[in-house]
Amino acid sequence: MQKFFVILPMLLLQFFTQAQERRCWDFEEQCPNPGNAFFTGCIPDAFAQSGTPDIGTTSSLTVPSGSKYAHTYIRHCDAFYSTSRIHGEGFVLENDFVAGHKYELKFWARRGPGNTVNPILGIYLTNTLGNFGGADPGAGCNSLLDVVPAVPADHQSVANLNPSAIPATEWKLITLTFTAAGNFSQLWFRPTLDLTALNPSADFESHFYYDDICVSDITCRAPEFKLSLCRQGEEGKELLVTINGAEEVPTSDWLLLRLKNCNAPGFASLSPINWVSNNSFTVPANSGCYVLAYLFENEFCEPQYIQLQFNTNADNIPICDACVDWSIVADWDEYCKTFLIEAQGAGSFPPGTQVSASIEGKPATMSGTGFYYPEDGPWGVGVIVCFTVDQPNCPPVTQCATILIPEPCDPHNVCKGRSNSAETAAAQLLFTNPADQFLRFNQVLEGANVQIYSMQGGLVRSLVVDGANQISVSDLPDGQYLLVIQHAGKREAKLLMVIHRP
Ligand SMILES: [Ca+2]
Ligand SMILES: [Ca+2]
């Protein structure tokens, strides 16, 4: 396992997130009838959906926020009662949920101690519920006002939290994220029971407590990330950079920009990224400062670059934990000429690592950390290969695998999924750089999305170019920009200089 010791200072972290809508219910209201606070309308933008959900102040519960909390009970009534076996209190919070928007629901919750009834907390988005409940003179299992209502057809289920998700001994902060599948105006907390798990002839009661329920629209909240750096060995000329967070950003979306100067804006070049795993890559040690960035975009938000600067000065960077995890991988090269079988590390192996291999029990002739499958075959068979990797200060590790050797590629065709380098070169998009009045391309763009970002990450130009080979940049101030072009099914990012001749 790789371990990292230092998280870069966050000083240089720049986020361009937009304002987020957030609404909270802390249940601190002074209600004349706290035992029926929801049904009587004392809690703003909230109402009862069954029974008498209330606000309480029990001191033994040590409230997470303020001095009060919301409370509901859930009761199992035995099958003798004709109304329903599930009686409980539920409440609705009023908040607008917009179709396609992403939300975060955060709240503190706990159950009452000594529960044997194993209640489930259902949470739903709804539109059609009205204030219902109140104190029933019949009360108990004869009550009609606390029968847990059926979920209406027009709903979206956000969560069904079982007892293991909400402890009975302490408060727990629950965080749920979801995307609204339609427009909704209500968030319903609906305790219920799994009747199949309960003895029909037993009566039980349980309780849920809630505090500081907050709903945030996080549609435009870009996934955050941090970087950790380590040196690969004492004399390490390479740094391993690991991205922590933003897992949903594919490697192909990251951009690595080398800075001209660590203390000033301005990029020297867009660097290719030498990925060694799906969240780590290497850069030369002492090669200056870089910015790692990705574009966050969706149909509801201004596109924005999320970026983080790091310094490759190796003096303050710890040595990577010496033992690198590895596995056996096998694949054709990009021209389908050679089939490489390799011990591939989760990061680069430290200097001094010895790698040896055998195929069908015979030593293989190594090329780096792998070997090429013999050109004379046999093909279309499974072969047993073993690798031994001996890293400094780590015990040697041997792994074996059966590798299926595919039939060789047809030399007249390009392998499936492989790019044809000649074709790529022909389609390469070139443009005038630096640009003066116009940014001219070497080909006519059809339906291309072109975006220009300032070096501060702000979008300064966004347009669709269809059937043209140039765009005007006469109004852009002199300076460096990031040009992003989406066309022919791929996205390219390039550095662009704009210099207006006097
Ligand atoms: Ca509170
Ligand atoms: Ca109550």
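Residues numbered from 1 in each chain as written. Chains lettered and ligands numbered in written order. Predicted model: local features only at pLDDT ≥ 70, side-chain atom pairs only at ≥ 80, totals over all residues.

1. Examining the overall build of the protein
Under the convention used in this document: Starting at the N terminus, helices and strands are each numbered in turn, a helix being any DSSP run of H or I of at least four residues and a strand any DSSP run of E of at least two. Labels follow a simple rule on C-beta atoms placed from the backbone: if 20 or more others lie within 10 Å of a residue's own, it is buried; if 12 or fewer, it is exposed; otherwise it is partly exposed. By definition, residue pairs are in contact when their C-beta atoms, positioned from the backbone, come within 7 Å.
Secondary structure summary: the protein contains 1 helix and 33 strands in total. Counting every position in the protein, which comprises 502 residues, the buried fraction comes to 30%. Partitioning the contacts of the protein with sequence separation of at least 6, the portion at a separation of at least 24 is 71%.

2. Digging into the nonpolar core
The condition is simple: The term nonpolar core refers to a set of buried Ala, Val, Leu, Ile, Met, Phe, Trp, Tyr and Cys residues connected through C-beta atoms within 7 Å.
In terms of nonpolar packing, the biggest core is built from 42 residues, with Phe 38, Ala 46, Phe 91, Val 92 and Tyr 210 touching the most fellow members. Those elements that place two or more of their residues in this core are strand 2 (46–50), strand 4 (69–76), strand 6 (90–97), strand 7 (102–111), strand 8 (119–126), strand 11 (184–193) and strand 12 (204–217). The contact partners of Phe 91, leaving out residues within four places of it in the chain, are Phe 38, Ala 46, Phe 47, Ala 48, Gln 49, Pro 53, Ala 70, Thr 72 and Phe 189. Cys 230, Leu 239, Leu 240 and Leu 496 belong to the second-largest nonpolar core, a separate cluster that totals 41 residues.

3. A few points about the environment of Phe 371
With respect to the element layout, Phe 371 can be found in strand 25 (residues 370–372). Once the C-alpha coordinates of Phe 371 and Glu 342 are considered, the two residues, 29 residues apart in sequence, prove to be 6.4 Å apart. If near-sequence neighbours (up to four positions away) are discounted, Phe 371 is found in contact with Ile 341, Ala 357, Ala 364, Thr 365 and Met 366.

4. Structural notes on the sheet that holds strand 13 (residues 225–231)
The following threshold applies: For two strands to be treated as a pair, DSSP must find no fewer than two bridges joining them. Interaxial angle, 0 to 180 degrees, is taken between N-to-C directions of lines fitted to C-alpha atoms, where a helix line uses only the stretch in contact.
Strand order in this open sheet of 4 strands is 13-14-18-17, and the pairing throughout is antiparallel. Because the sheet does not close on itself, it has two edges, and the strands there are strand 13 and strand 17 (274–277). Across the sheet, the axes of successive neighbouring strands diverge by a mean angle of 35°, strand direction being ignored. Pairing of strand 13 with strand 14 (residues 238–245) involves 7 bridges; the strand directions are antiparallel. Across the sheet, Phe 225 pairs through a bridge with Gly 245, a residue of strand 14.

5. What to know about the sheet that holds strand 33 (residues 490–498)
Pairing is antiparallel across the open sheet formed by 4 strands, whose spatial order is 30-29-32-33. Two strands close off the open sheet at either side, each with one partner strand: strand 30 (459–465) and strand 33. Strand-to-strand twist of the sheet, defined as the mean angle between neighbouring strand axes without regard to direction, takes the value 20°. Alignment of strand 29 (residues 448–454) against strand 32 (residues 479–487), held across 6 bridges, turns out to be antiparallel. For Ile 452, the partnering residue across the bridge sits in strand 32 and is Leu 483.

6. A closer look at the environment of Gly 140
In this fold, Gly 140 is placed in the loop between strand 8 and strand 9 (155–161). For Gly 140 and His 87, which are 53 residues apart along the polypeptide, the C-alpha to C-alpha distance reads 8.7 Å.

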